[in-house]
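Each chain, written out:
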Amino acid sequence: ALLYEKIKIQQSTLQKGESQYAERVAQVGSLRSDIRKAKAEVSAAKTQVTNVDSLKREIHYLSKVLLREQAKAAALQEELNNPMNVHRWRELESWDPTTYEMIQKVKSLQKLLIAKTEEV
């Protein structure tokens, strides 16, 4: 009877151990799948990090370009508001000689007028 008791205790202990072993195997399987998922996430994060560096460089370059273009726009706006070079256009000789002669005469008269006002 004592031998049967020991056998029953050992069988129950063995069953408990087997169930605990099965639980541990299941835990190990789930942990391995978690590790695989984490490795996949890490590799995805590494590719994003390299992309982030190139994107930061691109943002820096584009911000420089933007500032340059904003400065150009501001300068052109200022030039539009206060024109320094009033005669920006290029003079073209006319096919109509009378009009061209009139323009030449106007220029010479303007120069003469400027000279006379400087004398006074």
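Look a little higher up for the structure.
In this text, all values refer to a predicted model and were calculated from it rather than measured experimentally. (Residues numbered from 1 in each chain as written. Predicted model: local features only at pLDDT ≥ 70, side-chain atom pairs only at ≥ 80, totals over all residues. Heavy atoms only, no water.)

Comments concerning the overall build of the protein chain
The number of helices and strands found in the protein chain is 2 helices and 0 strands. When each of the 120 residues of the protein chain is scored for burial, the buried share is 0%. Accessible surface, the protein chain as shown: approximately 11,800 Å² in total, 62% of it carbon and sulfur. (Helix = DSSP H or I, 4+ residues; strand = E, 2+ residues; numbered from the N terminus. Buried < 20%, exposed > 50% of the residue type's maximum accessible area, 1.4 Å probe, protein only. Areas by Shrake-Rupley, 256 points an atom, 1.4 Å probe, with all protein chains shown as cover.)

Let's talk about the pattern of salt bridges
Under the definition given, this model contains 1 salt bridge. Put simply, Lys72 and Glu69 hold a salt bridge, and the shortest N to O gap is 3.5 Å. Placement of both Lys72 and Glu69 in helix α1 (residues 2-81) is noted, with a separation of 3 residues, approximately one turn of the helix. (Salt bridge = Lys/Arg side-chain N within 4 Å of Asp/Glu carboxyl O.)

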